Amino acid sequence: MPTVDDILEHIGEFNFFQKQTFLLLSLLSAAFTPIYVGIVFLAFTPDHRCRSPGVPELSRRCGWSLAEELNYTVPGPGPEGQAFPRQCRRYEVDWNQSALGCVDPLAGLAANRSLLPLGPCGHGWVYDTPGSSIVTEFNLVCTNSWMLDLFQSAVNVGFFIGSVGIGYIADRFGRKLCLLITILINASSGVLMAISPNYTWMLIFRLIQGLVSKAGWLIGYILITEFVGLSYRRTVGIFYQVAFTVGLLVLAGVAYALPHWRWLQFTVTLPNFCFLLYYWCVPESPRWLISQNKDAKAMEVIKHIAKKNGKSLPASLQSLGSDEEVGEKLNPSFLDLVRTPQIRKHTLILMYNWFTSSVLYQGLIMHTGLAGSDLYLDFLHSALVEFPAAFIILVTIDRIGRRRPWAASNMVAGAACLAAVFIPEDLRWLRVTAACLGRMGITMAYEMVCLVNAELYPTCIRNLGVLVCSSMCDVGGIITPFLVYRLTSIWHELPLVVFAVVGLIAGGLVLLLPETKGKTLPETIEEAENMQRPRKNKEKMIYFQVKKLDTPLN
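What counts and how
Residues numbered from 1 in each chain as written. Predicted model: local features only at pLDDT ≥ 70, side-chain atom pairs only at ≥ 80, totals over all residues. Heavy atoms only, no water. Helix = DSSP H or I, 4+ residues; strand = E, 2+ residues; numbered from the N terminus. Buried < 20%, exposed > 50% of the residue type's maximum accessible area, 1.4 Å probe, protein only. Contact = heavy atoms within 4.5 Å. Patch = residues over 30% accessible without salt bridge, like charges linked within 9 Å, V, L, I, M, F, W, Y side chains within 5 Å. Areas by Shrake-Rupley, 256 points an atom, 1.4 Å probe, with all protein chains shown as cover. Salt bridge = Lys/Arg side-chain N within 4 Å of Asp/Glu carboxyl O. Arc of directions from axis to C-beta. Disulfide = S-S within 2.5 Å. Polar contact = N/O pair within 3.5 Å; in protein donor to acceptor, adjacent residues only side chain to side chain. Phe/Tyr/Trp six-rings, centres within 6.5 Å; stacked < 30°, edge-to-face > 60°. Axes fitted to C-alpha atoms, helices over the stretch in contact; angles between N-to-C directions. Parallel < 35°, antiparallel > 145°, perpendicular 65-115°, else oblique. Left-handed = near helix turned anticlockwise from the far one by under 90°. Nonpolar A, V, L, I, M, F, W, Y, C, P; charged D, E, K, R; others polar. pLDDT = per-residue confidence, 0-100. Core = buried A, V, L, I, M, F, W, Y, C linked by side-chain atoms within 4.5 Å. Domains from an automatic or database assignment.

Trainee: Just to check I follow, could you spell out the overall build of the chain for this structure?
Mentor: Along the chain, the regular secondary structure elements total 25 helices and four strands. For the chain, with 554 residues in total, the buried portion stands at 51%. Once local pairs closer than 6 in sequence are excluded, the contacts in the chain between residues at least 24 apart make up 80%.

Trainee: Would you mind showing me how to read a nonpolar patch on the surface here?
Mentor: Together, Tyr168, Ile169, Phe173, Leu177, Ile181 and Ile185 give the surface a local cluster of nonpolar side chains, amounting to about 580 Å² of exposed area. Mapped by element, the contributors of at least two residues to the nonpolar patch are α9 (146-173) and α10 (175-194). Structurally, the position occupied by Ile181 is in helix α10.

Trainee: What's the story with helix α18 (residues 375-384) in this structure? I'm lost.
Mentor: Every α-helical turn comprises 3.6 residues, leaving residues that sit three or four positions apart pointing alike. Along α18, the residues that are buried comprise Leu375, Asp378, Phe379, Ser382 and Ala383. Angularly, the buried residues of α18 cover 135° about the axis, an arc narrow enough to put them on a single face.

Trainee: In this structure, what is going on with the state of the cysteines? I would like to understand it.
Mentor: In a disulfide, the sulfur atoms of two cysteines are held together by a covalent bond. Following the criterion strictly, the structure yields three disulfides and no others. Between the sulfur of Cys50 and that of Cys121 lies a disulfide, 1.6 Å long from S to S. With a gap of 71 residues between them, Cys50 in strand β1 (residues 48-50) and Cys121 in the loop between β3 (118-120) and β4 (125-127) connect regions that are remote in the sequence. Of the two residues examined, Cys50 and Cys121, each falls in the buried class. One disulfide bridge connects Cys88 with Cys142, the sulfur atoms lying 2.0 Å from each other. Between Cys88 and Cys142, the S-S dihedral sits near -95°, and the bridge is therefore left-handed. Within this pair, whereas Cys88 is found in helix α7 (residues 85-88), its partner Cys142 is found in the loop between α8 (134-138) and α9, the two being separated by 54 residues in sequence. Note on Cys88: relative accessible area 25%, which makes it partly exposed. If one numbers only the bonded cysteines of the chain, in the order they occur, the disulfide pattern is 1-5, 2-4, 3-6.

Trainee: Explain unusual backbone geometry here, please?
Mentor: Negative phi is the rule for most residues except glycine; trans is the rule for most peptide bonds. You will see that Asn139, though not glycine, has its phi angle at about 55°, which is positive. A positive phi angle, close to 55°, is found at Cys142, a residue other than glycine.

Trainee: So what exactly am I meant to see when it comes to the side chain of Glu455 here?
Mentor: Looking at where Glu455 falls in the secondary structure, it is placed in helix α21 (residues 428-455). For Glu455, a relative accessible area of 13% gives the class buried. A distance of 2.9 Å separates a polar atom in the side chain of Glu455 from a polar atom in the side chain of Arg402.

Trainee: I would appreciate a short explanation of the packing of aromatic side chains in the present structure.
Mentor: Any two aromatic rings considered together are summarised by their centre-to-centre distance and by the angle between their planes. Considering all chains together, one arrives at 24 aromatic pairs under this definition. Centre to centre, the rings of Phe41 and Tyr376 are 5.5 Å apart; their planes meet at 10°, and the pair counts as stacked. Placement of the pair is Phe41 in helix α4 (residues 39-42) and Tyr376 in helix α18, with a sequence separation of 335 residues. Residue classification places Phe41 among the buried residues on the basis of a relative accessible area of 7%. Using a relative accessible area of 26% as the deciding quantity, one classes Tyr376 as partly exposed. Of the aromatic side chains, those joined through ring pairs into one cluster are Phe32, Tyr36, Phe159, Trp217, Tyr221, Tyr240, Phe244, Trp354, Tyr361 and Tyr446.

Trainee: Looking at this structure, I do not really get the packing of α10 against helix α13 (residues 261-269). What am I missing?
Mentor: Two numbers describe a pair of packed helices, the interaxial angle and the distance between the axes. The N-to-C vectors of α10 and α13 enclose an angle of 165°; their axes lie 8 Å apart at closest approach. Classed by the angle they form, the pair α10 and α13 counts as roughly antiparallel. Where α10 crosses over α13, the handedness of that crossing is left-handed. The residues of α13 that touch α10, namely those facing Ala187, Gly190, Val191, Met193 and Ala194, are Trp261, Arg262, Gln265, Phe266 and Thr269.

Trainee: Could you clarify how one ought to interpret the side chain of His346 in this entry?
Mentor: Among the secondary structure elements, His346 is positioned in helix α17 (residues 341-369). Each residue touching His346, except ones within four places of it in the same chain, is listed here: Leu456, Tyr457, Leu513, Pro514 and Ala528.

Trainee: Sorry, what's going on with the pattern of salt bridges here?
Mentor: Two side chains bearing opposite charge may form a pair once their charged atoms approach each other closely. As enumerated under the stated definition, the model contains 13 salt bridges in all. Between Asp398 and Arg402 there is a salt bridge, and its shortest N-O distance comes to 3.5 Å. Taking the relative accessible area as the measure of exposure, Asp398 reaches 40% and is therefore partly exposed. The exposure class assigned to Arg402 is buried, which follows from its relative accessible area of 7%. For Arg402, the salt bridge goes to Glu455, with nearest N and O atoms at 2.9 Å. Here the residue Arg402 occupies a position in the loop between α19 (386-396) and α20 (403-422), and Glu455 occupies one in helix α21, the gap between them amounting to 53 residues.

Trainee: Would you explain the packing of α19 against α21 in this entry?
Mentor: Direction vectors running N to C along α19 and α21 enclose 45°, while the axes themselves pass 9 Å from each other. Our classification of the angle between α19 and α21 gives oblique. Of the two possible hands of crossing, α19 and α21 adopt the one that is right-handed. Mapping the contact onto sequence places Glu386, Pro388, Ala389, Ala390, Ile392 and Ile393 in α19 and Arg439, Met440, Thr443, Met444, Glu447 and Met448 in α21. Residue composition of the contact of α19 with α21, by class: eight nonpolar, one polar and three charged.

Trainee: I'm lost on the confidence of the model for the chain in this one. Help?
Mentor: Detailed reading of predicted coordinates is not advised where the pLDDT is low. Across the chain, the average pLDDT comes to 84, with 88% of residues at 70 or higher. When pLDDT is averaged over each element of the chain, α13 comes out on top at 96 and helix α25 (residues 538-550) at the bottom at 43. Low pLDDT, under 50, characterises residues 79-83; the stretch is placed with one contact to residues that sit more than four places away or in other chains. Across residues 535-554 the pLDDT falls below 50, and counting only partners more than four positions away or on other chains, this stretch makes ten contacts in the model.

Trainee: Would you mind going over helix α1 (residues 4-11) with me for this structure?
Mentor: Considered for burial, the residues of α1 that qualify are Val4, Asp5, Ile7, Leu8 and Ile11. Buried residues along α1 cover an arc of 155° about the axis, so they all sit on one side. Elements that come into contact with the buried residues of α1 comprise α2 (16-31), α11 (199-227), α12 (233-257), α15 (286-291) and α16 (295-308).

Trainee: How do you make sense of the nonpolar core when you look at a structure like this?
Mentor: Within soluble globular proteins, side chains that are nonpolar tend to cluster in buried spots. Counting residues in hydrophobic clusters, the biggest one holds 135 residues, and the most contacted among them are Tyr36, Ile134, Tyr361, Phe379 and Trp406. Sorting elements by how many residues they give to this core places α21 first, with twelve residues. Here this core gathers at least three residues from each of two domains, domain 1 (1-41 + 152-192 + 210-311) and domain 2 (335-531). Apart from residues lying up to four places away in sequence, Trp406 is in contact with Leu350, Asn353, Ala445, Met448, Val449, Val452, Val510 and Leu513. Formed by twelve residues, the second largest nonpolar core is a distinct cluster that contains Val55, Leu100, Ala110 and Leu116.

Structure, rendered in structure tokens:
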């Protein structure tokens with residue numbers, strides 16, 4: 001019986017229907033960007049200081065400039081290595097008393113300002129920004145700064161739970177239905193987040209977005225790879241991720257035009273409701289329909305694809321067969337991932353690399369938001385380098401292989417982070433160059449681990465292996481906000497040192513994995529254990545036996 005891949009060879013592996021569907025689903029990929037990295041703009045932390053009642057009136061009476069007001073009324077920087085007192089502490093002074101003069105008003109209270117008592121910001125903060133963010137609206141600074149970490153960690157907790165739960169639902173009830181449900185919940189929770197009256201509700205709706213958004217992105221990835229032919233599957237998968245990069249560029253432009261977080265959240269969320277129109281534009285996956293023994297419906301979808309592509313379906317291909325060989329069903333176990341030495345090594349290295357890719361990718365983006373320079377321009381520069389990263393992958397993986405480019409990309413990312421630590425602030429162009437190299441390197445590593453993960457596991461535990469290893473990506477995303485924001489409060493460049501160490505170790509570990517270029521996917525655990533040894537091409541042997549049996553005997 002012909003498989004879906006056999007039929008696609010006749011009706012088009014990447015013709016009009018596949019191109020149209022790819023474009024539609026790529027919009028879904030681009031719309032995922034504000035949820036994954038939107039914290040850079042939604043939670044931008046501007047320079048701030050304690051609000052002191054009476055200071056604005058005194059400043060107006062004395063005719064101070066802003067610089068003079070800050071010099072007279074705000075504590076200076078504290079000892080090296082400590083948090084900035086001017087952001088989280090204020091002088092315990094009654095600024096409404098009439099005895100205060102206009103020239104150094106604190107001189108009459110103490111001979112040395114360092115002797116004046118400092119207290120917490122009991123009256124809120126003043127933020128030096130024309131716009132707004134969740135930080136400025138809910139005062140997520142100083143003792144409340146951990147709430148900002150929790151905000152981003154919540155969405156990654158949602159990613160972790162949703163990818164597993166909704167992934168199962170998509171396999172059980174279909175890709176299309178699950179996709180539409182995730183789109184509706186994602187759009188609704190995004191709008192509700194934009195009108196949240198307080199931090200708690202905002203956090204709840206962000207968590208809900210995390211539960212469905214990444215799962216929806218993954219379902220779109222699965223759908224487009226199941227609609228195209230085998231020879232286009234890898235390329236389409238990479239360009240689906242490139243669409244995410246396009247979303248980064250659009251996000252930077254929209255955030256620049258809308259510096260107020262609620263309007264920004266509205267603007268990036270509302271287009272998601274348009275994706276509900278995919279009910280009429282994107283059919284169910286014929287591969288999934290066949291797996292559910294719904295051959296008649298699968299044939300209807302295939303005829304629709306053939307019609308869209310302007311092809312006719314030969315009568316010999318009117319019956320369908322499963323893409324998988326019929327055989328004994330195996331029940332994979334988590335122990336299979338660590339039971340044998342080589343697969344155990346693959347599992348541990350892949351888990352670490354998924355973790356590293358997430359920490360460095362999200363961490364570098366968050367660190368950009370704390371750099372104190374032009375946030376929008378720096379974000380744009382770092383996003384643009386993701387395009388050459390995808391191009392390099394397409395050029396090298398079939399010529400050089402997977403392992404060496406993957407290891408090199410991790411090492412480049414780590415080395416760039418380490419170099420950025422020692423580059424002076426006045427050499428801005430060099431710092432930007434190092435940041436872009438780091439971003440390009442970790443983008444390549446991220447896309448390579450997605451590709452190689454499935455190639456290192458045998459068929460019986462492949463899905464389980466990808467699921468377990470990639471879950472470390474979300475674990476990394478959960479701890480990254482705490483890692484970046486807490487370490488930055490100690491030393492601004494300390495997160496880069498951690499990123500450098502983590503990235504260089506990941507690059508070294510990749511070299512311990514076998515090269516998968518030109519090798520067929522392992523079918524058994526024994527084949528996966530012997531991947532570093534030359535082995536015969538089993539598929540080709542079977543093929544010649546079948547051809548020989550089909551020859552009529554005289």
